[in-house]
Amino acid sequence: MAIVYHSKVLEHVQWEDHPESPFRIKTLTKKLKKERLWGDVISPIMINDEDVLKVHTEDHLASLKCSENVMRDQDTLQTKRTYGLAMLSASIAKTAVGVALSGVPTLAITRPPGHHAEREYAGGFCYLNNVAIAVEAAGVRTAIIDLDAHHGNGTEEIFYGRDDVLFIDCHESELYTGTGQKEDLGTHSGEGYTINIPLPPGSGNRAYRKAMNEIIIPIIREYGPELIVVSLGVDAHYCDPNSNLRLSTQGYVDACKALIKESVDGKIAFVLEGGYHLRATAEVVAGVLAAFEGKEIVPEYNEDMEDGLGGVIAVENVRKFLKRHWNI
């Protein structure tokens, strides 16, 4: 498995105690090196404005180039350096997807993240939609699977009216941004190609396993993508301070393994999104890379913390609802 990375992602700083900090990546890379998984590291090929304008508007791009400090929302500061660093992050994602299309599975260590960025919106720590830019550049039939605890409103909005991109999002219900209801299925030719699996707080391994086995994998098989791109947010982990989900390290790794098995000829890319417990995020990503190497890491955070059967029931309700569109 190849890693696409550039050390300049560490230069993105909003304020001192901001949860989306450079320490996320420092801890992650340290863990990968410790587990001897830090190899075949590829530098990104920089994108240009033309790549961005395929998914974002000219007004949005112009606003990112503003040299003044701007609060895009209460948690997202834009500085004069934001445009260049957001372009770097999107470049890492695009390069990773390009490598994956050649049959080499990839991990894109992106920062800042991107899945909340809509065509004309920045917020939720995101400025450019890394995955959307990368998938649009790939130009092939693609399934995007978003595992971040927060709904990928930006990715959904960008592809909501299209059937050449399948978007599946498993997330905590009513968390930021409050979008991602099961009834949100896409529009026009894209109707049925947006799949939302909102889970109640306390959902964990059993709920995710059911979602993967009974909704996500069957729909991927029916859809038949040429490429799979995973928005790998690790904040659904029970250690994470920014959600109320209860997925363990092994639960995350098992979900990713299932997606790996569905990729055609190794055409799969994992693109980092959220994940704010430093060590838990690092060991999940290490576990995913280890799976490609035929190795296993010994997880530190692997308790079964699921709270009741609310998540399992929610998944079953989504499955029944989706039967009008998919054979599940």
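Residues numbered from 1 in each chain as written. Predicted model: local features only at pLDDT ≥ 70, side-chain atom pairs only at ≥ 80, totals over all residues. Heavy atoms only, no water.

Caption draft 1: Structural context of the state of the cysteines. Scanning all chains against the criterion turns up zero disulfides. Free cysteine Cys 66: the closest other cysteine sulfur is in Cys 126, separated by 19 Å. Cysteine Cys 170 shares no disulfide, and the gap to the nearest cysteine sulfur, in Cys 256, comes to 12 Å. (Disulfide = S-S within 2.5 Å.)

Caption draft 2: Main features of the pattern of salt bridges. Overall, the coordinates contain 17 salt bridges when judged by the stated rule. Among the salt bridges present, the one from Arg 111 reaches Glu 20, with a minimum N-O distance of 2.6 Å. Within this pair, whereas Arg 111 is found in the loop between strand S5 (106-108) and helix H5 (130-138), its partner Glu 20 is found in the loop between strand S1 (2-4) and helix H1 (22-34), the two being separated by 91 residues in sequence. Pair check on accessibility: Arg 111 and Glu 20 agree, each one buried. Two residues, Glu 300 and Arg 279, come together in a salt bridge whose shortest N-O distance is 2.5 Å. With Glu 300 in the loop between helix H9 (278-292) and helix H10 (310-322) and Arg 279 in helix H9, the pair connects residues that are 21 residues apart, well separated along the chain. By relative accessible area, Glu 300 is classed as partly exposed at 45%. Here Arg 279 falls in the partly exposed class, since its relative accessible area comes to 48%. Linked by salt bridges that have partners in common, Lys 210, Glu 214, Glu 316 and Arg 319 make up one network. (Salt bridge = Lys/Arg side-chain N within 4 Å of Asp/Glu carboxyl O. Helix = DSSP H or I, 4+ residues; strand = E, 2+ residues; numbered from the N terminus. Buried < 20%, exposed > 50% of the residue type's maximum accessible area, 1.4 Å probe, protein only.)

Caption draft 3: Broad picture of the sheet that holds strand S8 (residues 194-199). Read across the open sheet, the eight strands follow the order S2-S1-S5-S10-S9-S6-S7-S8; overall the sheet is parallel. The strands lining the two open edges of the sheet, one partner per strand, are strand S2 (41-42) and S8. Helix-sheet contacts for H5 involve strand S6 (142-146), strand S7 (165-172), strand S9 (227-232) and strand S10 (268-272), and the interaxial angle to S9 is about 170°. Relative to S7, helix H7 (residues 205-223) is tilted by about 175°, and along the sheet it contacts S6, S7, S8 and S9. (Pairing = 2+ DSSP bridges. Contact = heavy atoms within 4.5 Å. Axes fitted to C-alpha atoms, helices over the stretch in contact; angles between N-to-C directions.)

Fair warning: the whole summary comes from geometry, so function is off the table for now.
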